[in-house]
Amino acid sequence: MPQVPPPRWTEDRLSEDAAEAVLLFRDNRMQEPLEQYLEQFDIFRGVIEDLIERTVDLAGIGDQAAELLTDADTLTSVRYLAGPPISADDLKELAGDISLAPTKIRNDPVMARRIVETVLLGLDRIRFPWVSEDREPTDAERETAVVATAAMIATQKLQTARRNDAKEEQEEAVAAALRDNGFQQVRTRVIQNVSHFPAIGEFCRECDFGGRKADLVVRLWDGRVMPVECKVSNSSTNSVKRLNNDAAAKAETWIKEFGTATVIPAAVLSGVFKVHNLESAQLRGLTLYWAHRLDAMIDFIDSTRA
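Residues numbered from 1 in each chain as written. Predicted model: local features only at pLDDT ≥ 70, side-chain atom pairs only at ≥ 80, totals over all residues. Heavy atoms only, no water.

Asker: Give a description of the nonpolar core that names residues and reports values.
Answerer: Core analysis: the biggest nonpolar cluster contains 38 residues, and Leu 178, Met 226, Leu 243, Leu 278, Leu 288, Tyr 289 and Met 297 have the highest contact counts within it. Dropping the residues within four chain positions of it, Tyr 289 is found in contact with Pro 7, Trp 9, Met 226, Ala 266, Ala 267, Val 268, Leu 269, Ala 296, Met 297 and Phe 300. Phe 44, Leu 81, Ala 95 and Leu 100 belong to the second largest nonpolar core, which has 35 residues in total. (Core = buried A, V, L, I, M, F, W, Y, C linked by side-chain atoms within 4.5 Å. Buried < 20%, exposed > 50% of the residue type's maximum accessible area, 1.4 Å probe, protein only. Contact = heavy atoms within 4.5 Å.)

So, in structure tokens, the structure goes:
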């Protein structure tokens, strides 16, 4: 029996589905509770106020580095003293041969001071003008710095939580659709060759598939395997990174590793995507489905039955 090819959508169909995904994204985004942001803002406002007070308006931050940085929220606040803020990964590279683990910081005051000094090299002079001018801040300057920094952290925390929650919800929706249509979820594994594939009618989650992580790996009814990436994008610019630079790049790797007769790389999408980026991903071998139309994925899977 010849293998059923995966669907390839026309430009009109991609435009229609992308437009519907944008509308759903807008609805969900506007319904997002303000309380989550305010909660994070209040937490970090208190942390930053305490940081400034304990260090005498940041003048003594280096002397207290080992004590301060062992607290996760304070460490985050210190990273946000820079303009723009320094990510944890970037800080490790910039400071050189450091660890941000609390026990390591506590036991190595020299390293802790180096972390703080690295951040202070990029200190935001707009939010903290008094530090570089070697003077005490005015009450207004101190309040502005606290509010602005807390708002930056709260915004980033909310955006990260939003992405993580949306991705987890999307992965669970795909898994539920598979289970509802006769598939059995099995243990996570490292898949280096065909002998490691799940059995026909099975799927696993968060697998190393041919050296790249796949959110789900599905063994279709005709024996082929479908690694699935779940991608949520909150902007057309962001979609390039998530779809073309990540999912489509993985698709090319998997096709090269296992061949088109064996593997059907797929992505389940929600949010904002440009049509020409969707078309580009399709040309690179990625099969596209939408979170709001998982029935299209199930229809294809059902078509692989003998």
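Asker: Give a description of the pattern of salt bridges that names residues and reports values.
Answerer: One pass over the structure, following the stated rule, counts 30 salt bridges. Between Arg 135 and Glu 133 there is a salt bridge, and its shortest N-O distance comes to 2.6 Å. Look at Arg 135 and you get partly exposed, because its relative accessible area is 32%. By relative accessible area, Glu 133 is classed as partly exposed at 47%. (Salt bridge = Lys/Arg side-chain N within 4 Å of Asp/Glu carboxyl O.)

Asker: I'd like a rundown of the layout of surface pockets, residues and numbers included.
Answerer: Left-over empty space is what a probe sized like a water molecule reveals as it rolls over the atoms. Quantified by volume, the largest pocket comes out at close to 640 Å³. Lining the largest pocket are 25 residues, with Asn 28, Ala 166, Glu 169, Val 232 and Ser 270 positioned closest to its centre. Considering every element that reaches the lining of the largest pocket, the biggest residue donor is helix H9 (residues 139-180), with nine residues. Split into classes, the residues belonging to the lining of the largest pocket amount to eleven nonpolar, eight polar and six charged. There is about 250 Å³ of room inside the second largest pocket. (1 Å grid on protein atoms, 1.4 Å probe; cavity = no way out; pocket = protein on both sides within 12 Å on 5 of 7 lines; lining within 4 Å. Points joined across faces, edges and corners; volume = space filled by probe spheres on them. Helix = DSSP H or I, 4+ residues; strand = E, 2+ residues; numbered from the N terminus. Nonpolar A, V, L, I, M, F, W, Y, C, P; charged D, E, K, R; others polar.)

Asker: Give a description of the side chain of Asn 277 that names residues and reports values.
Answerer: Here Asn 277 lies in helix H11 (residues 275-283). Among the polar contacts listed, one links the side chain of Asn 277 to the side chain of His 276, at a separation of 3.3 Å. Leaving out residues up to four positions away in the same chain, Asn 277 has contacts with Ser 236, Ser 239, Val 240, Leu 243 and Asn 244. (Polar contact = N/O pair within 3.5 Å; in protein donor to acceptor, adjacent residues only side chain to side chain.)

Asker: Break down the pairing of strand E3 (residues 202-209) for me, with residues and values.
Answerer: Across the eight residues that make up E3, a large majority, six, are buried. Bridge count for strand E2 (residues 190-191) against E3 is two bridges, and the pairing is parallel. Note that in E3 the partner of Val 190 across the bridge is Asp 208. The pairing of E3 with strand E4 (residues 212-219) spans six bridges and is antiparallel. (Pairing = 2+ DSSP bridges.)

Asker: Please set out the packing of aromatic side chains residue by residue, giving values where relevant.
Answerer: With the rule as written, the count across this model stands at eight aromatic pairs. With a centroid separation of 5.7 Å and 75° between ring planes, the pair formed by Phe 128 and Trp 130 is classed as edge-to-face. An identical accessibility class is assigned to Phe 128 and Trp 130; each is buried. Note on Phe 209 and Trp 254: the rings are 5.5 Å apart at their centroids and 70° apart in plane angle, and the pair reads as edge-to-face. One end of the pair, Phe 209, is in strand E3; the other, Trp 254, is in helix H10 (residues 236-258), and 45 residues separate them in sequence. By relative accessible area, which is 0% here, Phe 209 ends up buried. Overall, the relative accessible area of 0% leaves Trp 254 in the buried class. Pairwise contacts between aromatic rings join Phe 197, Phe 209, Trp 254 and Phe 258 into one cluster. Cation over ring: Arg 305 sits above Trp 221, and NZ or CZ is 4.1 Å from the ring centre. (Phe/Tyr/Trp six-rings, centres within 6.5 Å; stacked < 30°, edge-to-face > 60°. Lys NZ or Arg CZ within 6 Å of the ring centre and 35° of its normal.)

Honestly, that's just the spatial picture; any functional story needs more than this.
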